[in-house]
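The primary structure of each chain is shown beneath.
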Amino acid sequence: MAETHDENPTLSEEDDHRAVYIFNPRAGHHTSLPQEKTARPVKKRRVGSTRAWSASAADHAGVAPHAEEETETTTTAAAAFSQLFGGKESLEAAGLRRQVFDTAWPVLDGRIKNVLREANRTTLEDVSSFIRDAEGDATRGTRIPAGFIITGPNIASQDLLFEQLSEALGKATQARFVRLRAAGAPNLKAALKKVIRDATAQVSLDGGDGDEDTEVALGRDGRKYLDYDLEGLHAFFGVQQDSSRRVVVAFEDSEAFESSLLTDLLGLFHSWQGRIQFSVLFGIATSVELFQARLLKSTARQLFGAKFDVVQADLVLDNVFKSAIAGTQATLRLGPTLLRSLLDRQRDQVAGIRVFISSIKYAYMCHFYANPLSVLLADEKSLTRQLLQPEHIQAVRTLDSFKAHVEAAVDARQLNHAQLLVEDDGYLVRQMVEQRQKKQDYLMQLLRSLHLLTSMDLVPGRFTDLYVAALAGGLDLTPTIDGIKRLGADDVPALINRLLTAIRTGSPDLDLPGWEDEAEELISSLCEIRDEIEALAEQAQEKGQQALKSKFTAQSKVLRTTVIAQKVQLSQDTAKLTDEDKAFGKAIDALVDLLTHHIYSDPVDSLFLHEAWAYDAEAPYRDVFVPRPGTTFERALTRPHAYLGCECCSKTNGTLSATLPTTCVLYRLYLETGSLVNVADLWSAYYALVGEDSEDGGLGEREALVQFYHGLAELRLMGFVKSSKKKADHVAKVKWLL
Amino acid sequence: MPPRRKSTDQHDLVERPSRKRPLPADPYEVPDEDDAVPSAKRQRRQPEDGGTPSKRNATPRKQVDFLQRDLASVPEEPESPTEQTPSKKRIGRPPKAKTGGTPSGKPSTPSALRKKQVDETPIKLKGISGVDTPGRRGIADRSARRKSARALIDRVLEGAVSDDEDEEQQIAREIYESSEEEEEGDTQQENLADQEAELAATTPSKTGRGRGRGGRPPGLARRKKSPTPPRDLPPHEQYFYQNKPGSNKTSNNTLSSLDLLIHEEYFSLLRNLGQDPHEKHIDALQSQHAASFPQWAFELSQGFSVCLYGYGSKRRLLHQFAEYLFSSSGGNDTNNTTIIMINGHTRTLTFREILTTISAAIDPTFRLPSGNPLAMIQNLFTLLSSFAQKPRITLLLASLDSPFSPLRKPQTQSLLAHLSSHPAISLACTVDTPDFPLLWDSSLRSSFNFAFHDCTTFADHSKELDVVDEVHELLGRMGKRAGGKEGVAFVLRSLPENARKLFGLIVGEVLVAFEDGGGGGGGTSGAGDFAAGGEGPGVEYRMLYNKAVEEFICSSEMAFRTLLKEFHDHQIITSHKDSIGTEYLSLPFRKEELESILEELMS
């Protein structure tokens, strides 16, 4: 391991000692004088890109640069995905995959953003109008307007909310928005600094000229202010001629602030209220009562408060799920296993909605990047026969779903079909094209069934769970049958009406249009049943009967009594059923039959070629988003051959051996130490292993010492040991649990 | 005493207990069983019927003995030692069972045992290296032997032989025979131990050392006699086990007999060391990681930040990645992709520097007004948004979590997250510690939007690390000391006259101690030997103070302390206490260095 022989010459010593530099292997190596560090890029840039950029910045009037950009994206798009099939995939196919991804994701992204914006919209409007109106409110007096926003415990989603708040309030009230987090404002001075800094710096964002905010500390007459003096802020407003002089301070995690700090800050804001219009917002995870209990009464009296509820993260998640995963716009279907683990992570680790969205995006990326068959998702225009290489066909034939399909065909005695699938490429391609329609049909059926089911309001459980279950194991009416049967004569028509509206309007969340035209038969049958039941109910009323009963309702009522009574009463009830009741029972049976006929769905993996449009690999997601560095390090250090694949170490089989990398040996010894490690003993143990006396080592003492130093330094770098003053030549063990 | 060959011994140790008997329910009892402290004597003394019936079957007597000693209230305890060691009986008071439960034999036994521990320090070294010692193995073997003897006898009496029993018998016989030979060695040790015990008992003054070190009541001292942790504890149990008060027992060996490396030697040796046998495997691993460059680039382009973790230096990998990005982006200057490399392990790195470099990369003519970093970032974003065609900046950050760089601070992390959340800026970073996820809370992490990749490279960190300094700092040896004798001269120049005089005095005294053969009183802890590169001999604090008063350097101990503190702060002096509590001061320099320092001071 002596001198690392770097085969790339650009990686030089010099680079390691520069802290920050612009990477440009062509520029060669400059002497890294400190002045030149900043000077060098100047030189380089002047030659090349300044022309292009400044030109585009200053002159281009919209059209030209767009054209440029477009050509650029297409060229980069083609190059962006590496060719699969061991490099045999054609460039066009790889490019097409990229293209499909590039068109598929933004659609979804837009929808998700929309959902997020909508989710908080009412809260945002309420808060803005509160802040705006608070000024004119005569009852307020000099009290500070304070919005208490009940955000719930999920900090990760709070972030989004406050971002939106800052945008919305900036627009609605021209106020300067300052976000305070407890970690960033440990004391009064730091908090004030942050308030003043943020309130003044925001101007430079839209002011454009960067020089402006350097004068912040200066008042009109050139007086300097300390950077935590609100007087400075006041003077700044004077310079800006900002008549509104509003500052909104948001305490994002109000529970984390010390109450004394809050008291001080609020007191200050209150005393400045005449000159600067302060408003405050509190993000509250628990409850306003608890928050108030932490404040002094005098402080609480300075607040003019209103409470706002935020849509809970669960609901937002559901909405995002509906539009991005279940909705018709989603090009790619995420499989049940992956979805389950995504949802579980949201629930268990409160990972935040952004992480969820990233995860969906990553699944898309994985699918189009790594699955050559994803090219089949391209629209028909671009997916030509020429594009499909023999490798594609071959890949299709290795699919599980292909096998299942062929086997099913054989079982169904469609031998010809099966044979053609296996042997005739052209036939297979035609089948593949047909399959696209089948996929559409399947999805439609699935979503409509789900929509009908949920609109019946009879199933407990959330939409997400229902959807995942439907993908995994198919869907039918079973869970609701009992519910339907138990409905009374008044409820059934209502139910049918709900179903009819569902069919007519579809679901905007799922982006599912109404399908009145296609479901005429269903609609008419539903109407028939409804009319019949209504007629029956009328008849029964005429006859003086209280309400229609079916055999099912009777049973359900009986079930509520004792078991012994059940038998007796059940027989009585059936005996008592009138003709209308019997007809009603039949009508319900018909309804159930009808619905069973229309609400069904197969598991997603029962479809031929589902691999091309459904993605259900959990492993990449877990590796990329939930890393387990401890296990990784542990494996590397205890079983290096798992990574290196060398023979010398794989023979050791869990025991110490001199062939292991030094750090691994030391780590093994480290594992056996107590909380204090005697380095001298560590050294002698190490030397006994690799030194001259050992069987397979044979390093001289000094050489071994070099290695030992190295290993020890690496252990320290990884944070396993730290120096200890307890004893001479001892170090402290820091890690037990990797 | 060098440890014996590891591999075989460890095997034995791991396998033996499992073969003989079921593990006891409490994991902490295990170490007592194959304890390094031999106490053959104790074993002899303790009557066999001491333990609870269940334990008697499961574990050999020794452990029972241990348990009982810890519970001072167990009635028969006082009797056994006194009966069998008559010498102690004579000295100790007659047994008083109710006075705090200290049995008469106690004052002597623990000290004797403790003494023996001191004598056997090399054994504990095995505790660290995980190798069994002959003594301990002997014990384990002996108890096994006794068991196997019993098993053999039983077998003969019963006469019933089945297949697997046959095998067991075979094992038992093997153990019985194999331990014959070690028995002898053990008896010798026992005798030795007995002698020592007597010695300690009759001459109480000698126990001072042991007592000074332990300083705990005998009951407690007894408990921590297990330097080797029980094996196969889950990590959290191990943590609590090892952090029990007083559980830290390490030997007093120091590296003083070893010439520590200095930079020149390190590098010359490193050059001669030749190739790492794993070189080509490491290269293969590297190229495997390099195969996923396109994927990472794709992730970066989609707004993810890439985070590479795993053991080994990822510097080369990151550099290759930079090259890949550079060449795939067209590699010409007209393309608006800029790659900025940041070496997180550089100690002088500031966040401001990163920001100014970025702004220079975007527009060299633009002067980023320096101010607080947040305002700078906002200015940077303004600058970015002023371009119609957004430039793309890729930050490649090596060692994001390096403990040396200021990047690890939470404020900087949130700034970085803010920076990387800009659509035009993407971030790829490498981390070296296994606990890097703790750097970010969920909101930071979601604004970083990380995609993590396992990039274990096994490449060495030699370029990022100043190995020699690292290790010395770790050992507390001339860690941040003000850079050799020049540094000392520099420090002294800034100190008042009195301080200079005092330092001269110390240097003189230490040199005298060097002349005296490194005795100097510091010898007890082993630091007294000539230790080039290590700590020199010490000067007694009291004596130094007296001399300082004589020479009118200071008039009170307070003033003396104040002067010394200045030296301590600059780490040009170290102090330690020996076992009696006498304080010694020493200088972390070699003799030659000291001489030249003295010369400089005198001139």
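Residues numbered from 1 in each chain as written. Chains lettered and ligands numbered in written order. Predicted model: local features only at pLDDT ≥ 70, side-chain atom pairs only at ≥ 80, totals over all residues. Heavy atoms only, no water.

- An unreviewed UniProt entry annotates chain B as Origin recognition complex subunit 2 of Neurospora crassa.
- Turning to chain B, the UniProt record has this under Subunit (unreviewed entry): "Component of the origin recognition complex (ORC)." (UniProt positions renumbered as here; feature names shortened; annotations may be inferred.)

- Per UniProt, chain A has the following entry under Subcellular location (unreviewed entry): "Nucleus".
- The heading Sequence similarities (unreviewed entry) in the UniProt record of chain A holds the text "Belongs to the ORC3 family."

### With respect to the overall build of chain B
Step number 1: Helix and strand content of chain B: 29 helices and 8 strands.
Step number 2: Counting across all 603 residues of chain B, residues that qualify as buried make up 55%.
Step number 3: Of the accessible surface of chain B, which amounts to about 26500 Å², a share of 53% is contributed by carbon and sulfur atoms. (Helix = DSSP H or I, 4+ residues; strand = E, 2+ residues; numbered from the N terminus. Buried < 20%, exposed > 50% of the residue type's maximum accessible area, 1.4 Å probe, protein only. Areas by Shrake-Rupley, 256 points an atom, 1.4 Å probe, with all protein chains shown as cover.)

### Considerations on the nonpolar core
Residues and elements named next belong to chain A.
Step number 1: Ranked by size, the top nonpolar core spans 121 residues in total, and within it Val 320, Phe 321, Leu 334, Phe 356, Tyr 364 and Tyr 467 carry the most contacts.
Step number 2: Not counting residues within four places of it along the chain, the set of residues in contact with Leu 334 comprises Ile 325, Leu 339, Leu 342, Ile 360, Ala 363, Leu 471 and Tyr 615.
Step number 3: If you look at the next biggest cluster of nonpolar residues, it comprises 59 residues, including Cys 649, Leu 656, Cys 664 and Tyr 670. (Core = buried A, V, L, I, M, F, W, Y, C linked by side-chain atoms within 4.5 Å. Contact = heavy atoms within 4.5 Å.)

### Looking at the sheet that holds strand 9 (residues 676-678) of chain A
By way of backbone hydrogen bonds, the strands of a sheet pair with one another, either parallel or antiparallel.
Residue and element names in this part refer to chain A.
Step number 1: With antiparallel pairing, the 3 strands of this open sheet are ordered in space as 9-11-10. The strands lining the two open edges of the sheet, one partner per strand, are strand 9 and strand 10 (721-723). Across this sheet, the average inter-strand angle for adjacent strands is 40°, counted without regard to direction.
Step number 2: The sheet contact formed by strand 10 and strand 11 (residues 730-733) spans 3 bridges and is antiparallel. Bridging across to strand 11, Val 721 finds its partner in Lys 733.
Step number 3: Against the sheet, helix 31 (residues 679-690) touches strand 9 and strand 11, its axis set at about 55° to strand 9. (Pairing = 2+ DSSP bridges. Axes fitted to C-alpha atoms, helices over the stretch in contact; angles between N-to-C directions.)

### Remarks on the packing of helix 13 (residues 336-349) of chain A against helix 19 (residues 463-473) of chain A
For any two helices packed against each other, the geometry comes down to the angle between their axes and how far apart the axes lie.
Residues and elements named next belong to chain A.
Step number 1: Here helix 13 crosses helix 19 at 155°, and the two axes come no closer than 9 Å. Viewed along their axes, helix 13 and helix 19 adopt a mutual orientation that is roughly antiparallel. For the pair helix 13 and helix 19, the crossing hand works out as left-handed. Touching Pro 336, Leu 339, Arg 340, Leu 343 and Arg 347 of helix 13 are Thr 464, Asp 465, Tyr 467, Val 468, Leu 471 and Ala 472, all from helix 19. (Parallel < 35°, antiparallel > 145°, perpendicular 65-115°, else oblique. Left-handed = near helix turned anticlockwise from the far one by under 90°.)

### Points about the sheet that holds strand 8 (residues 583-586) of chain B
All names here are of chain B.
Step number 1: Taken in spatial order, the 3 strands of this open sheet run 6-8-7, and their pairing is antiparallel. In the strand order of this sheet, the two ends are held by strand 6 (539-540) and strand 7 (574-577), each with one partner.
Step number 2: Of the strand pairs in this sheet, strand 6 and strand 8 are connected by 2 bridges, and their pairing is antiparallel. Note on strand 8: the bridge partner recorded for Val 539 is Leu 585.

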